[in-house]
Amino acid sequence: MPAITNHLPTAELQALDAAHHMHPFTTGADLAAKGARVITRAKGVYLTDSEGHEILDGMAGLWCVNIGYGREELAEVAARQIRELPYYNTFFQTTHVPAIALAAKIAELAPGDLNHVFFASGGSDANDTNIRMVRTYWDVKGKPGKKIIIGRKNGYHGSTVGATSLGGMSAMHAQGGLPIPDIHHINEPNWWAAGGETSPEDFGLACAQELEQAILEFGEDRVAAFIAEPVQGAGGVIIPPETYWPEIQRICDKYEILLIADEVICGFGRTGNWFGSQTMGIRPDIMTIAKGLSSGYQPIGGSVVSDEVAAVLDSVEFNHGYTYSGHPVAAAVALENLRIMEEEGVVEHVQTVAGPYLAEKWHALADHPLVGETKLIGMMGSLALSPNKEPHATFAAEAGTIGYICRERCFANNLVMRHVGDRMIISPPLVIAPEEIDILIERARKALDETYARAKDEGLLQAAS
Ligand SMILES: *Cc1c(COP(=O)(O)O)cnc(C)c1O
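In this convention, every chain numbers its residues from 1, walking through the sequence in written order. Only residues with pLDDT of at least 70 get local features here, since the model is predicted, and only at 80 or more are side-chain atom pairs given and counted; chain-wide, interface and lining totals rely on the full set of residues. Just so you know, side-chain values use all the structure's heavy atoms and leave hydrogens and water out.

I tried to follow the pairing of strand E3 (residues 54–57) on my own but got confused; where do I start?
Moving residue by residue along a regular strand, the side chains alternate between the two faces of the sheet. Relative to E3, strand E2 (residues 46–49) is paired through three bridges, and the arrangement is antiparallel. Among the inter-strand pairings, tyrosine 46 is bridged to a residue of E3, identified as leucine 56. In this analysis, strands are considered paired if DSSP registers two or more bridges between them. Numbering of helices and strands runs from the N terminus, with a helix taken as a DSSP run of H or I at least four residues long and a strand as a DSSP run of E at least two residues long. What sits between the antiparallel neighbours E2 and E3 is a turn of four residues, in which glycine 52 has the positive phi angle 90°. Pairing of E3 with strand E13 (residues 415–416), which is carried by two bridges, proceeds in the parallel orientation. Residue pairing across strands places aspartate 57 opposite valine 416, the latter belonging to E13.

How should I be thinking about the pairing of strand E7 (residues 223–228) in this particular structure?
We call a residue buried when its accessible area falls under 20% of the maximum for its residue type, exposed when it is over 50%, and partly exposed in between, using a 1.4 Å probe and counting protein chains only. Taken across its six residues, E7 has six buried, putting it largely inside the fold. The pairing of strand E5 (residues 148–152) with E7 spans three bridges and is classified as parallel. Bridge pairing in E7 links isoleucine 148 to valine 223. In terms of strand pairing, E7 meets strand E8 (residues 258–262) through four bridges, oriented parallel. Paired with isoleucine 227 across the two strands is isoleucine 260, which belongs to E8.

Help me understand the packing of helix H4 (residues 72–84) against helix H14 (residues 328–343) in this model?
To describe two helices that pack against each other, one gives the angle between their axes and the distance between the axes. The N-to-C vectors of H4 and H14 enclose an angle of 150°; their axes lie 9 Å apart at closest approach. In terms of orientation, H4 and H14 fall into the roughly antiparallel class. By crossing handedness, the relation of H4 to H14 is classed as right-handed. Where H4 approaches H14, its residues Glu73, Leu74, Val77, Ala78, Gln81 and Ile82 are matched on the opposing element by Pro328, Val329, Ala332, Val333, Glu336, Asn337, Arg339 and Ile340. Basically, the charged four are Asp, Glu, Lys and Arg, the nonpolar ten are Ala, Val, Leu, Ile, Met, Phe, Trp, Tyr, Cys and Pro, and anything else, Gly included, counts as polar. Residues of the contact of H4 with H14, tallied by class, amount to nine nonpolar, two polar and three charged. Axis lines are fitted through C-alpha atoms, for helices just across the contact stretch, and the angle between N-to-C directions can take any value from 0 to 180 degrees. Orientation is classified from the angle alone, with under 35 degrees giving roughly parallel, over 145 giving roughly antiparallel, 65 to 115 giving roughly perpendicular, and any other angle giving oblique. Note on convention: the crossing is left-handed when the near helix lies turned anticlockwise from the far helix by less than a right angle, right-handed when the turn is clockwise. Contact definition: two residues touch when any of their heavy atoms are within 4.5 Å.

What exactly am I supposed to notice about the site of the ligand here?
When we say a residue is near a molecule or strand, we mean one of its heavy atoms is within 4 Å of it. Residues in close proximity to the ligand include Gly122, Gly123, Ser124, Asn127, Tyr156, His157, Gly158, Glu229, Asp262, Val264, Ile265 and Lys291, which together make up its full environment. Taking lysine 291, its side chain carries an N or O atom lying 2.6 Å from an oxygen atom of the ligand. For the accessible areas, the method is Shrake-Rupley and the probe is 1.4 Å, while residue cover comes only from the protein chains on display. Coverage of the ligand by the protein chains reaches 81% of its 380 Å² of free accessible surface. Ranked by residues supplied to the shell around the ligand, first place goes to helix H6 (residues 123–140) with three residues. Its residues assigned to classes, the shell around the ligand comprises three nonpolar, six polar and three charged. Pairs of N or O atoms are called polar contacts if they sit within 3.5 Å, as long as, within protein, a hydrogen donor faces a hydrogen acceptor (for residues adjacent in sequence, only side-chain-to-side-chain pairs).

Sorry if this is basic, but what is going on with the packing of helix H15 (residues 346–364) against helix H17 (residues 434–457) here?
Relative orientation of the contacting elements H15 and H17 amounts to 20°, with a least axis distance of 10 Å. Relative to H17, the element H15 lies roughly parallel. As H15 packs across H17, the resulting crossing turns out to be right-handed. Each of Val353, Ala354, Tyr357, Leu358, Lys361, Trp362 and Ala364 in H15 lies in contact with H17, whose residues at this interface are Pro434, Ile437, Asp438, Ile441 and Arg445. When grouped by side-chain class, the residues that make up the contact of H15 with H17 number nine nonpolar, no polar and three charged.

Looking at this structure, how should I read the side chain of serine 386?
Secondary-structure assignment places serine 386 in the loop between strand E12 (380–385) and helix H16 (401–412). Among the polar contacts made by the side chain of serine 386, one reaches the main-chain amide nitrogen of lysine 389 at a distance of 2.6 Å. Aside from chain neighbours lying at most four places away, what touches serine 386 is Pro369, Leu370, Val371, Gly372 and Phe395.

Listed below in structure tokens is the structure:
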């Protein structure tokens, strides 16, 4: 077989891709007919595809390339670590310097007494760890009845059997007979979609109180934990009303329910603090981390655990672990990523430069005829496409029709912006400069204009009755 390289014609790469490569969250037959976009290199906030297009990556890969593409330092560290110790495990009472150093660094950055890290290769498997961890915690504490974990509809916690169960995506549950037993979901605090006549504040409270109702229904002696993203990402960048998180914290405290903050997206600067829990003012017992931990340069994630939870677990053998828990190359690269973030003040850049600048420009899109609400926190934002700009209004066309058109128009204008149903979302690299934000917004507006024109032509601007 000849070498498969960047130099092959795009059509040939696409044909090989269609023949052999199964894509996540994709209808294979549709993609095969259309041909996948082939990304060949990237630098800063720009991707290059096999046709030479320079595409502004408004999603930082999958919400992960926080420090941008092409950082030499990370390549150097990876090469050095592969030469020195490419692999060793952390089972059987062994350890190595990259895992030690990264765990200590995470403990230093994490709020409160979250001082202990159990490593995984990503967010999904870290959340699987969390399921076993919280249930084992309550077993050891003599409360084996506490097994139920409460998550949220439309929440996303990953794609393994356990993580899919924690998440609340019905299309995912439908494939594979999920969720697993003893997982329950309450509604998400999405005022724009479901707020009805209530104010956002009252709606936020009511959504949080669904947790209390669920605990009372099951009995607190059966509920182990509540898991949620500080800000829902894959669900459409749903920023909860301000009343939401304080009420959740109160309920978790009152009924002795462990709080798991899934920080896979929110962690490492995305919301303008190191962790979304700090932005939301909550005190989780466990945080899930991944993505921005290594800026996506290596697959690594983990569970960051409080002193109390760690002390309880440390009293037994926890029969759990992954071959690549604390992988030395991934850990070394993550550590270097965190060094760069600290030394270059990336979180401060989000707080004082990029975040405020993006907020101003993003919210200005609200004047567009197709835009209902605009939401942004730190460097993650969403806008609701709307037939008439009225709260809660949806299109008569099948959900996601207009969003998909808009995503395609973004791509055609060399911008990656994702759609979740008829919400458009962004999560650019945190290091994005104001001039690059101008380009992002200019391309987004052009894509919105083209989407509007096309929707109008095709009679798709009708609101659902
Ligand atoms: C992406 C994501 C995950 C899953 O992480 P993987 O590395 O894809 O396994 C879990 N939780 C949240 C909030 C995520 O966004």
